[in-house]
Amino acid sequence: IPHRMLAFTWNAPPQFGEVRNERSLVVIEMEEIAHDLVRVRLTHHGFGEGAEWDAVYEYFTAAWPRVMDWVGGSLGGSLSGWREGGQQGWVYLIT
């Protein structure tokens, strides 16, 4: 959806062996909720089951906040807060 949503496939980093060959789906939804305040909802779909998938999930749980901080800075703003939104999704506020 132009100006509101971006979706792309993703895979795990090289250190995750066979799981790296699997593709997951990342969906980013953007919504202006006030002047100069955008809610960005990042949902990462497609995590499998098992110990290696658990490690991949933990990796992205740590990585996405850093990525979104960089995105906020690239847009001339800052990451003003974030909260977990469930098993596979996060919500960020960029000002």
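Note: the structure precedes this text.
Basis of the calculations
- Residues numbered from 1 in each chain as written.
- Predicted model: local features only at pLDDT ≥ 70, side-chain atom pairs only at ≥ 80, totals over all residues.
- Heavy atoms only, no water.
- Helix = DSSP H or I, 4+ residues; strand = E, 2+ residues; numbered from the N terminus.
- Contact = heavy atoms within 4.5 Å.
- Areas by Shrake-Rupley, 256 points an atom, 1.4 Å probe, with all protein chains shown as cover.
- Core = buried A, V, L, I, M, F, W, Y, C linked by side-chain atoms within 4.5 Å.
- Buried < 20%, exposed > 50% of the residue type's maximum accessible area, 1.4 Å probe, protein only.
- Salt bridge = Lys/Arg side-chain N within 4 Å of Asp/Glu carboxyl O.

## Here's the deal with the overall build of the protein chain
For step 1, the next point in the chain: The number of helices and strands found in the protein chain is 1 helix and 5 strands.
For step 2, the next point in the chain: In the protein chain, the order of α-helices and β-strands from amino to carboxyl end is β-β-β-α-β-β.
For step 3, the next point in the chain: Within the protein chain, contacts between residues separated by at least 24 positions form 44% of all contacts whose residues are at least 6 apart in sequence.
For step 4, the next point in the chain: As displayed, the protein chain offers around 6,100 Å² of accessible surface, 53% of which is attributable to carbon and sulfur atoms.

## Side note on the nonpolar core
For step 1, the next point in the chain: Of all hydrophobic cores here, the largest spans 15 residues; its most connected members are V19, L42, F47, V56 and F60.
For step 2, the next point in the chain: Those elements giving two or more residues to this core turn out to be β2 (24-34), β3 (37-45) and α1 (51-74).

## Structural notes on the pattern of salt bridges
For step 1, the next point in the chain: A complete count under the given rule lists 1 salt bridge for this structure.
For step 2, the next point in the chain: When the shortest N-O distance is used, the salt bridge between E31 and R39 registers 3.0 Å.
For step 3, the next point in the chain: Overall, the relative accessible area of 26% leaves R39 in the partly exposed class.

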